[in-house]
Amino acid sequence: MLLFKNSEKVLDSHSAWLQSCINSSEKQQQLYKRTLIVIVISQIFGGAGLAAGITVGALLAQNMLGTDSVTGIPTALFTLGSAGAALLVGRLSQRFGRRPGLAAGFLAGGIGAIGVVVSSLTNSILLLFISLLIYGAGTATNLQARYAGTDLANPAQRAKAISMAMVSTTFGAVAGPNLVDVMGEFAISIGIPALAGPFILAAAAYILAGLVLFMFLRPDPFIVAKAISDEQSKTSHLEKNLNLASINRRGIFAGAAVMVLTQFVMMAIMTMTPIHMGHHGHALNKVGLVIGFHIGAMFLPSLVTGFLVDKIGRAVMVIASAITLLASGILAAAGPADSMAALNIALVLLGLGWNFGLISGTAILVDSTHASTRAKTQGSIDVWIALSGALGGGVSGIVVAYSSYAALSISGAALSLLLIPLVFWAGIHQKEKSISISD
């Protein structure tokens, strides 16, 4: 009976706080800032977990399978796994809030990483493939976390909120590839193959990220955002109709297409870069360095990118993404294969182009949705982003095996140009003008 009364008090206290937050923009901003701090901490760990599979996943498969033509499969598998996880995390978040959705995704990614380590010990290809699918949940969650920062952000803050979540990923993501040798030596010291070492780091990092979110992402920003939206909708039928009208289907398609295309191009070229470098005599530590610079370029410029997306517009930054990806593909194809400088610059541009596309595409998507369906829509679109990455990773090995790394890079460069007509078709520049006027 005492427990029941205490529970009632907690619920009453929570309801009172929620109502005060609905009525106070100051409290909303306080929660917005607190949410960003928690997301930043979790993303530092999440970035380290993400980097392991990118750096050595293809090399581990090459070592276990003994052929190059299927080395794109690991990337395809954990990206395919991230597609399913994106859908589940989005649905969980829509129904129960960001905290349980994101925490569950990161914890699943940690379990998958443990499975990869066990598969390397047992030399089980089947377990490797299953574990990579589960490991992909961490990748999906790492990306979905960027949405949590936007839940209580106003339109002029959205790209900045996305960038805060992404830039914090850099610290773990850059450190991860550069710890390949250290983790490899540690793995050998405990009787585990060297290439599985980074997955030990990934398991610990993803589990820590999940625990941080589960313990500290309170009050849940998405639940608060939905409550605010519901309260506003009650004021009048006109307000409710305006909210429904704020769902812009063409904008949703455009934002999704930008992210899907940039993900496909980035994953295709990035997946085969370690194999390409191995064929030209580059040591594992050099592979880690190039991938480390690449991942740094994917996330580190985010604060500047977010500022630019909010200030000069979504459409301009989508076009910048296309031009940057074009330059990356041309340099990767034409640069000397034995040149670390050429490879580093090409992969930095690849990461930067992806960064421009993801942040601008995400901002377009958030602008075009309403809180009543936002998390569900975001999760569904992240499925397509993940599937495009899986396709890019899977196709890349086949293209390189039957053609060349240069042909793969040129194809990616050509595809990136589709982003330019896309933003004009969707009229993104006109939509963001109307948003800035209404603000």
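For the structure, check the block above.
Keep in mind that this is a model prediction, so the values were computed, not measured.

In this structure, F199, L350, W354 and L419 are the most contacted members of the largest nonpolar core, which totals 89 residues. A per-element tally of this core places helix α11 (residues 249-279) first, with 14 residues. The residue makeup of this core includes at least three contributed by each of domain 1 (29-228) and domain 2 (249-436). Dropping the residues within four chain positions of it, L419 is found in contact with V258, L261, T262, V318, S321, A322 and L325. Core analysis: the next-biggest nonpolar cluster, separate from the first, contains 9 residues, L31, A161, V224 and I228 among them.

A grouping of L80, I111, L126, I130, L133 and I134 is seen on the molecular surface, where their side chains present a nonpolar patch of about 530 Å² in accessible area. The element best represented in the nonpolar patch is helix α5 (residues 125-148), accounting for 4 residues. Relative to the helices and strands, I134 is located in helix α5.

As enumerated under the stated definition, the model contains 5 aromatic pairs in all. Between the aromatic rings of F106 and Y206, the centroid separation amounts to 5.7 Å while the plane-to-plane angle is 35°, which identifies the pairing as tilted. With a gap of 100 residues between them, F106 in helix α4 (residues 98-122) and Y206 in helix α8 (residues 197-216) connect regions that are remote in the sequence. Accessibility classification places F106 together with Y206 in one group, the buried group. Note on Y135 and Y206: the rings are 5.7 Å apart at their centroids and 50° apart in plane angle, and the pair reads as tilted. You can see Y135 sitting in helix α5 and its partner Y206 sitting in helix α8, a full 71 residues away along the chain. Take Y135 and Y206: they sit in the same class, and that class is buried.

Next up on the list: α8. Between its first and last C-alpha, α8 extends 29 Å over 20 residues, near the 28 Å set by a 1.5 Å rise per residue. Regarding α8, the residues found buried are G197, P198, F199, A202, A203, A205, Y206, A209, G210, V212 and L213.

As a further point, take the pattern of salt bridges. According to the stated counting rule, one finds 5 salt bridges in the structure shown. Among the ionic pairs, D367 bridges to R158, the shortest N-O distance being 3.0 Å. Note that D367 is positioned in helix α15 (residues 340-367) and R158 in helix α6 (residues 158-178), a separation of 209 residues in sequence. For the residue pair D367 and R158, the accessibility class agrees, reading buried in each case. A salt bridge links R314 to D367; the nearest nitrogen and oxygen atoms lie 2.9 Å apart.

The subject of this paragraph is the side chain of S388. Tracing the backbone shows S388 in helix α16 (residues 374-402). Within the local environment of S388, its side chain forms a polar contact with the backbone oxygen of V260, the two atoms lying 3.1 Å apart. In terms of polar contacts, S388 uses its side chain to reach the backbone carbonyl oxygen of I385, at 2.7 Å. The contacts of S388, once residues within four sequence positions are left out, are V260, Q263 and F264.

Within the fold, A205 resides in helix α8. Taking relative accessible area as the criterion, A205 reaches 5% and is therefore assigned buried. Those residues in contact with A205 that lie beyond four places of it in its chain are F45, G46, A48 and G49.

Here the focus is helix α18 (residues 419-426). Restricting attention to buried positions, one finds in α18 the residues L419, L422, V423 and A426. Looking straight down α18, one finds its buried side chains confined to an arc of 95°; they lie on one side. Two residues or fewer after α18 comes G427, characterised by a positive phi angle close to 65°.

Analysis parameters
- Residues numbered from 1 in each chain as written.
- Predicted model: local features only at pLDDT ≥ 70, side-chain atom pairs only at ≥ 80, totals over all residues.
- Heavy atoms only, no water.
- Core = buried A, V, L, I, M, F, W, Y, C linked by side-chain atoms within 4.5 Å.
- Buried < 20%, exposed > 50% of the residue type's maximum accessible area, 1.4 Å probe, protein only.
- Helix = DSSP H or I, 4+ residues; strand = E, 2+ residues; numbered from the N terminus.
- Domains from an automatic or database assignment.
- Contact = heavy atoms within 4.5 Å.
- Patch = residues over 30% accessible without salt bridge, like charges linked within 9 Å, V, L, I, M, F, W, Y side chains within 5 Å.
- Areas by Shrake-Rupley, 256 points an atom, 1.4 Å probe, with all protein chains shown as cover.
- Salt bridge = Lys/Arg side-chain N within 4 Å of Asp/Glu carboxyl O.
- Phe/Tyr/Trp six-rings, centres within 6.5 Å; stacked < 30°, edge-to-face > 60°.
- Expected span 1.5 Å × (residues − 1).
- Polar contact = N/O pair within 3.5 Å; in protein donor to acceptor, adjacent residues only side chain to side chain.
- Arc of directions from axis to C-beta.

None of the figures reported here should be taken as evidence of function without further support.
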